[in-house]
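Observations on the three-dimensional arrangement
Spelled out, the chains give:
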Amino acid sequence: MKPNILDISKINMAKLKEVRFDSGSFVEGETAKVLPVELLLEDGVKITGLGKIYGEDARFNAIKEENILRTLADKNLGAALVLDVRKLSEFFPQEGTLIVETKVPGETLAEIGHPQPLDEVQAASKLIFDQLATVGSDSKLIEDNQAFCGDISTSNVVESPKGYSIVDWSGMFGLKGGTELTQGYIAPEIFDENGEGLRFVQADTFSLATLLARVLVGRNTFRELVPRKPESAHLTYEQITELVPPVVHAFFKIALEENPRKRSPEGAKNPEEHYKRLKSLFLGEQ
Ligand SMILES: Nc1ncnc2c1ncn2[C@@H]1O[C@H](COP(=O)(O)OP(=O)(O)OP(=O)(O)O)[C@@H](O)[C@H]1O
Ligand SMILES: [Mg+2]
């Protein structure tokens, strides 16, 4: 009998006996980054999870994903749980890391094309603001330069029963070039060679605002506003004022500021405060 995925936190991983893949899903040279896995526990129980593959060159991404997921799990913030971390070479003919994690139930926002009602988006967004506040202000993650998502986009966020949950924390912004990121969600400063440099919280904030705008206006309108080319195309506040209700204008005005400095209002040097303040603005509480 398969346990409900939401009950997975109750499973004692000391009882984990085996990680199994569908062998047909591995094609050398074209390995998918994410594979469905089956975990076999000592008592015979099977659980379905996901195996994320990180090559040697993506070591930092793997460590970042693991550390962030563990931090969020400790706070019960609706993120995937890390079930196991193994050497990739145990399973595949290559070096690297395999992270086995639980599947967050629900579909990604990329699959939701129609405009969503504001009250539903407001309710579901509480979780993602809380996840980012926790990650952005965790002293260990800050020390390790990992206190950000780095690739907030519709394909990396699942609408779970608890709200919008980020399922891909391995993003690195444009640190390896803009193309590693999801086009249309990238903060403008990432392409600005003469800019002041990257501020993690501010760049995540821009992508988060883009994500929330995309959910509110729907896929087709979003793509009309932000065409797929050039890569640096991004949303502006002026473009969406007519399209979203006035109660969220204050949020988008700040969060879509071109200048990253202006995205963190006075007194909000602290990421926790920053996300808390923006969350209330998005909820129309200020
Ligand atoms: N924990 C999870 N729960 C549910 N779905 C997940 C989870 N992790 C990943 N997914 C799904 O698998 C897809 C790919 O995962 P992920 O975003 O981590 O890898 P990727 O997109 O290949 O990497 P990158 O974003 O660096 O290109 C996601 O878009 C999402 O649909
Ligand atoms: Mg992804």
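Everything that follows concerns the structure shown earlier in this document.
Basis of the calculations
- Residues numbered from 1 in each chain as written.
- Chains lettered and ligands numbered in written order.
- Predicted model: local features only at pLDDT ≥ 70, side-chain atom pairs only at ≥ 80, totals over all residues.
- Axes fitted to C-alpha atoms, helices over the stretch in contact; angles between N-to-C directions.
- Helix = DSSP H or I, 4+ residues; strand = E, 2+ residues; numbered from the N terminus.
- Parallel < 35°, antiparallel > 145°, perpendicular 65-115°, else oblique.
- Contact = placed C-beta atoms within 7 Å.
- Nonpolar A, V, L, I, M, F, W, Y, C, P; charged D, E, K, R; others polar.
- Near = placed C-beta within 6 Å.
- Domains from an automatic or database assignment.
- Core = buried A, V, L, I, M, F, W, Y, C linked by C-beta atoms within 7 Å.
- Buried ≥ 20, exposed ≤ 12 C-beta atoms within 10 Å, placed from the backbone.

**Comments concerning the packing of helix H2 (residues 118-137) against helix H8 (residues 271-282)**
In contact at an axis separation of 8 Å, H2 and H8 are set at 170 degrees when each is read in the N-to-C sense. Considered as vectors, H2 and H8 are oriented roughly antiparallel to each other. Contacts between H2 and H8 involve Gln122, Ser125, Lys126, Phe129, Leu132, Ala133, Gly136 and Ser137 from the first element and Pro271, Glu272, Tyr275, Lys276, Leu278, Lys279 and Phe282 from the second. Residues of the contact of H2 with H8, tallied by class, amount to seven nonpolar, four polar and four charged.

**Regarding the site of ligand 1**
Taken together, 16 residues form the shell around ligand 1, and within it Lys33, Ala80, Val104, Val167 and Asp168 come nearest. Its residues assigned to classes, the shell around ligand 1 shows six nonpolar, four polar and six charged. When residues of the shell around ligand 1 are assigned to domains, at least three map to each of domain 1 (5-101) and domain 2 (107-282).

**What to know about the nonpolar core**
Across soluble globular proteins, nonpolar side chains have a tendency to be buried as a group. The biggest cluster of nonpolar side chains holds 68 residues, and the ones touching the most others in it are Val157, Leu212 and Ala255. Looking at this core element by element, the count peaks at 11 residues for helix H4 (residues 200-217). Counting the residues that make up this core, at least three belong to each of domain 1 (5-101) and domain 2 (107-282). In contact with Ala255, not counting residues within four places along its chain, are Thr205, Phe206, Leu208, Ala209, Arg263 and Leu278.

**Here's the deal with unusual backbone geometry**
For the peptide bond that leads from Lys229 to Pro230, omega is -5 degrees, which places it in the cis range. Tracing the sequence through the fold places Pro230 in the loop between helix H5 (219-225) and helix H6 (237-240). Of note, Asn76 is a non-glycine position whose phi angle comes to about 55 degrees, a positive value. Here Asn76 is to be found in the loop between helix H1 (59-74) and strand S4 (82-87). A positive phi angle, near 60 degrees, is found at Asn145, a position not held by glycine. Within the secondary structure layout, Asn145 lies in the loop between helix H3 (139-143) and strand S7 (157-160).

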